[in-house]
Amino acid sequence: MWRRLRSALLSLRGSPAASPHGGGGRPPAAMERAVVRCVPSEPKLSLRFVLPDGSARHMQRDQAEPLGRALARIATNAAKGYGKAGKKSKKARAEGGAEGEAAVPAVPAVRLFSRDGAAVAEEVPNAAAWQDGAVLHIGDARYRVERNPPALTELRLPRSLLAGFPVCPKVSAEFAVPQHCLFRWFREQRPAGGGEAAGEAWVETAAAERVFTPSNALVGLRLKLRCTPGDGEQRYGPALEVESSSPVEAGPGACTFDARHLYTKKVCGHGSVRAVSYNILADTYAQTEFSRTVLYPYCAPYALEIDYRQNLLKKELAGYSADLICLQEVDKSVFVDSLAPALDAFGLEGLFKIKEKQHEGLATFYRRDKFSLLSQHDIAFSEALVSEPLHKELCEQLAKYPLVQEKVLQRSSVLQVSVLQSTTDPSRKLCVANTHLYWHPKGGNIRLIQIAVAMSHIQHVACDLYPRIPVIFCGDFNSTPSSGAYSFISSGGIAEDHEDWVSNGEEERCSMSLSHPFKLLSACGEPAYTNYVGGFHGCLDYIFIDRNALEVEQVIPLPSHEEITTHQALPSVSHPSDHIALICDLKWK
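About the criteria used
Residues numbered from 1 in each chain as written. Predicted model: local features only at pLDDT ≥ 70, side-chain atom pairs only at ≥ 80, totals over all residues. Heavy atoms only, no water. UniProt positions renumbered as here; feature names shortened; annotations may be inferred. Pairing = 2+ DSSP bridges. Helix = DSSP H or I, 4+ residues; strand = E, 2+ residues; numbered from the N terminus. Axes fitted to C-alpha atoms, helices over the stretch in contact; angles between N-to-C directions. Contact = heavy atoms within 4.5 Å. Core = buried A, V, L, I, M, F, W, Y, C linked by side-chain atoms within 4.5 Å. Buried < 20%, exposed > 50% of the residue type's maximum accessible area, 1.4 Å probe, protein only. Polar contact = N/O pair within 3.5 Å; in protein donor to acceptor, adjacent residues only side chain to side chain. Lys, Arg positive; Asp, Glu negative; His and termini not counted. Salt bridge = Lys/Arg side-chain N within 4 Å of Asp/Glu carboxyl O.

Looking at an unreviewed UniProt entry, the protein chain carries the name 2',5'-phosphodiesterase 12, with the source organism given as Molothrus ater. UniProt, in the comment section headed Subcellular location (unreviewed entry), describes the protein chain in these words: "Mitochondrion matrix". Of the comments in the UniProt record for the protein chain, the one headed Cofactor (unreviewed entry) reads "Mg(2+)".

Next comes the structure, spelled out in structure tokens:
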């Protein structure tokens, strides 16, 4: 970190503006740079510059402070710098036998001039005074002011790199956007004769994109990325470099999703929407001793590691060219550090909703050139049930069954609801819901209550807040097609004598008659299974669509049974989750 800060400060020295690839900036070679960071929401601005003696200065000043005070402080700092330089010069002369005293430097004149050459009055507040293109005079030195230039705050490569799989860096920037940054990829120089390399040597690759897919020829070599931040207005900041911590490794060969990508090479047209729903298996569950020895004993331990699985997931999801992706069991760190940066590079914006008691939750991604986000309406089922008037009647009914009520309120399940608007036709809006229901095989009654809360909430959004907008409801419902939950969603009602009300025995009977107004259809039908592990396989995941407004154009075929069972079950070295993604192309009626 200190090396980065030091290089950033040194880059303040006058650097040529000719090429953004050089990591310089905009000022002419004759001038130094004075970098000002001024954000309205913060009380202070910062000013960084390098004095002629080579010493870096970093000052914090109140934005409302008069300019004159800031200039006086700069003059004092400059005089100290000159004084230190004078002492060093005197010492050098003394050691060399030179005679005479070093002159005591006077406090230099410090002025700020606007871009048109007029002196900025000293009573002007700092926030208004330090404008882009202004010129700071410190004695004979001249500094071109760069206000809020593009800057990288984080540049990181994944820990695991596989040949044939996309490498998506995490790029965080201030006053810049990754889409306008410049990227240059390098590989290690392979040592001649197979011996040890003499020092570090890097060879630039032909790749100049944000995402780089290493070939098999790079197995055994590390990668380096140089990124220059840009803001889309021809302003570029100093470049940062990052090297991979490990070399590129060989990939697993054919994966279960390769054949599916043949159907999804291109993004749908603007009249269609490609939707994906996928439980990606949270690392917090995959990395337990129980998972390794009981749930997935057939899976190679390295294939359960999050870094390995993320390589597969990013390639799989990017290859679907989706407009909407609803994910379940998303670790917060995986969303922030891996999936959000990777899918952002492929044109998708991400939203996250965490479960209160877990480190995982739900993520919804939408293609930003097709949709804009109008609003979010996420809830936790248990909290909404007791606190929102919308669910008062259901809550009163549930209170008659205290054992069931207690279990419902203990669950941490959440519902993510996003309202999206078409970028090409503002009249077209979508209510996209995403959930992961209670998992227990005997929890059918709990899931019915969760569905009742979900449908009431979705009705409030899609009927009251945004009248008559189509609904797409994705998720891992932990319910087979023969379950009460599936019947409730697809038929619009559930009878009080349905067998799922006694799914955990008579002592937890909970009889209610419930309904919702939507006409929902399982867009991908009822596959034989969407979850395939050693001890169970069945259909648990669905993409429900509003059949009055949307219709199915195509369903992307699931992997064959032979592909799924090549390594006995899921997950495996060629499939990153114990679930299978559902993918379908939809269009407005």
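(A) Summary view of the sheet that holds strand S15 (residues 272-279). The strand order across the open sheet formed by six strands is S17-S18-S16-S15-S31-S30, and the pairing between neighbours is mixed. The outermost strands of the open sheet, each flanked by one partner alone, are strand S17 (348-354) and strand S30 (550-555). Taken over all neighbouring pairs, the strand axes of this sheet differ in orientation by 25° on average, direction set aside. In the sheet, S30 pairs with strand S31 (residues 582-588) via five bridges, with the strands oriented antiparallel. Opposite Gln554, over in S31, you have Asp585 as the bridge partner. Seen against the sheet, helix H9 (residues 332-345) touches strand S16 (324-331), S17 and strand S18 (360-367) and runs at an angle of roughly 155° to S16.

(B) Focus on the nonpolar core. One finds Leu415, Ile449, Ile458 and Phe473 to be the most contacted residues of the largest nonpolar core, which totals 46 residues. Setting aside its immediate chain neighbours within four residues, Ile458 contacts Leu415, Val417, Cys431, Ala433, Cys463, Val471, Phe473 and Phe518. Residues Phe165, Ile325, Leu343 and Ala569 belong to the second largest nonpolar core, which totals 43 residues.

(C) Geometry of the side chain of Gln450. One can find Gln450 in helix H13 (residues 444-465). For Gln450, a relative accessible area of 2% gives the class buried. Here the side chain of Gln450 touches Tyr438 through a polar contact of 3.1 Å, landing on its backbone nitrogen. For Gln450, the residues in contact, after removing those within four places along its chain, are Phe381, Arg411, Ser413, Leu437 and Tyr438.

(D) Representation of the side chain of Lys314 within the structure. In this fold, Lys314 is placed in helix H8 (residues 306-319). Here Lys314 sits buried without a salt bridge, and the closest side chain of opposite charge, Asp307, lies 7.8 Å off (N-O distance). What Lys314 contacts, discounting residues up to four positions off in sequence, is Pro158, Pro166, Cys168, Ser338, Leu339 and Ala342.

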